[in-house]
Amino acid sequence: MTTPTLSATGIPVGGNTTIYIDASGKNLIRTPFVTVSGGFDYGFDLGASRITIAGNAYYSGKQYWEASNRVVQPGYTLINGELGWQSPDRHFRASVWVQNLLNAEHQLYILSSASGDTQVYARPRSVGVKLGVEF
């Protein structure tokens with residue numbers, strides 16, 4: 001729970017103490033009640049070139065990271081997309097992409113231990129360019 005452990009000098013260390021609990025009625029850890037995902041990929045010719053548009057979205061509901069349901073991650077939505085161009089001879093490609101368009105803050109991992117809770121956050125919004133050549 002949240003009772004600090006005391007060091008030999010009496011100074012509080014960390015914030016958690018290992019205890020046994022009855023987890024009856026608690027939610028299963030790292031298991032959101034709902035997740036939804038979907039995506040699309042569309043291409044069309046523009047003159048002799050090829051244009052592609054792709055995107056996907058993912059929603060994860062609230063989830064708990066330890067058995068007492070004390071550490072909670074709220075629900076979040078991720079949206080990714082890509083806009084691409086391919087040359088008329090199909091040898092060259094270029095595209096721009098974005099991941100986590102909404103800049104949703106969410107954790108990749110949370111660890112609860114006797115010394116405290118540690119969180120590893122996912123990457124914020126990322127934008128990039130891809131270039132390709134086919135021989």
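About the criteria used
- Residues numbered from 1 in each chain as written.
- Predicted model: local features only at pLDDT ≥ 70, side-chain atom pairs only at ≥ 80, totals over all residues.
- Heavy atoms only, no water.
- Salt bridge = Lys/Arg side-chain N within 4 Å of Asp/Glu carboxyl O.
- Helix = DSSP H or I, 4+ residues; strand = E, 2+ residues; numbered from the N terminus.
- Buried < 20%, exposed > 50% of the residue type's maximum accessible area, 1.4 Å probe, protein only.
- Contact = heavy atoms within 4.5 Å.
- Polar contact = N/O pair within 3.5 Å; in protein donor to acceptor, adjacent residues only side chain to side chain.
- Pairing = 2+ DSSP bridges.
- Axes fitted to C-alpha atoms, helices over the stretch in contact; angles between N-to-C directions.
- 1 Å grid on protein atoms, 1.4 Å probe; cavity = no way out; pocket = protein on both sides within 12 Å on 5 of 7 lines; lining within 4 Å.
- Points joined across faces, edges and corners; volume = space filled by probe spheres on them.
- Nonpolar A, V, L, I, M, F, W, Y, C, P; charged D, E, K, R; others polar.

**Student:** Looking at this structure, I do not really get the pattern of salt bridges. What am I missing?
**Tutor:** Between side chains of opposite charge, a pair can form as their charged atoms come close. Across all of its chains, the model carries five salt bridges by this definition. Residue Arg70 is joined to Asp117 by a salt bridge in which the shortest nitrogen-to-oxygen separation is 2.9 Å. Of the two residues, Arg70 is situated in the loop between β5 (63–64) and β6 (72–73) and Asp117 in strand β10 (residues 116–121); the sequence distance between them amounts to 47 residues. What makes Arg70 partly exposed here is its relative accessible area of 29%. Within this structure, Asp45, Arg50 and Arg90 form a network of salt bridges that share partners.

**Student:** Teacher, can you tell me more about the environment of Ala67 here?
**Tutor:** With respect to the helices and strands, the residue Ala67 is situated in the loop between β5 and β6. For Ala67, a relative accessible area of 40% puts it in the partly exposed group. Taking C-alpha positions, Ala67 is 9.7 Å from Arg30, a pair spaced 37 residues apart along the chain. Apart from residues lying up to four places away in sequence, Ala67 is in contact with Ile21, Ala23, Lys26 and Ile29.

**Student:** Help me out: how do you make sense of the side chain of Ser60 in this one?
**Tutor:** Checked against the element boundaries, Ser60 lands in strand β4 (residues 49–60). Taking relative accessible area as the criterion, Ser60 reaches 0% and is therefore assigned buried. Among all residues touching Ser60, those that are not within four sequence positions of it are Pro32, Val34, Thr35, Gly75 and Tyr76.

**Student:** Sorry if this is basic, but what is going on with the side chain of Ser68 here?
**Tutor:** Mapped onto the fold, Ser68 is located in the loop between β5 and β6. Among the polar contacts listed, one links the side chain of Ser68 to the side chain of Glu66, at a separation of 2.6 Å.

**Student:** Teacher, can you tell me more about the sheet that holds strand β11 (residues 126–133) here?
**Tutor:** The strands that make up a sheet pair up through hydrogen bonds in the backbone, lying either parallel or antiparallel. Pairing is antiparallel in the open sheet, where five strands are placed in the order β3-β4-β7-β8-β11. Single-partner strands in this sheet number two, and they are β3 (35–46) and β11. Neighbouring strand axes in the sheet, compared pairwise and without regard to direction, differ in orientation by 10° on average. Relative to strand β7 (residues 76–86), β4 runs antiparallel, the two sharing eleven bridges.

**Student:** Explain the pairing of strand β8 (residues 92–99) here, please?
**Tutor:** Side-chain positions along a regular strand alternate between the two faces of the sheet. Relative to β8, β7 runs antiparallel, the two being bridged by six bridges. Bridge pairing in β8 links Gly81 to Val98. Counting the residues in the hairpin turn of β7 and β8 gives five residues, including Arg90, whose phi is positive at 65°. Across eight bridges, the pairing between β8 and β11 is antiparallel. In the sheet register, Arg93 faces β11, and the bridge partner there is Gly132.

**Student:** I tried to follow the layout of surface pockets on my own but got confused; where do I start?
**Tutor:** Any empty space left between the atoms is revealed when a probe the size of a water molecule rolls over them. Taken as a whole, the second largest pocket holds about 230 Å³ of empty space. Around the second largest pocket, the lining is made up of 15 residues, and of these Thr52, Glu82, Arg93, Ala94 and Ser95 lie nearest the centre. Broken down by secondary-structure element, the contributors of at least two residues to the lining of the second largest pocket are β4, β7, β8 and β11. Classifying every residue of the lining of the second largest pocket by side-chain character gives five nonpolar, five polar and five charged.

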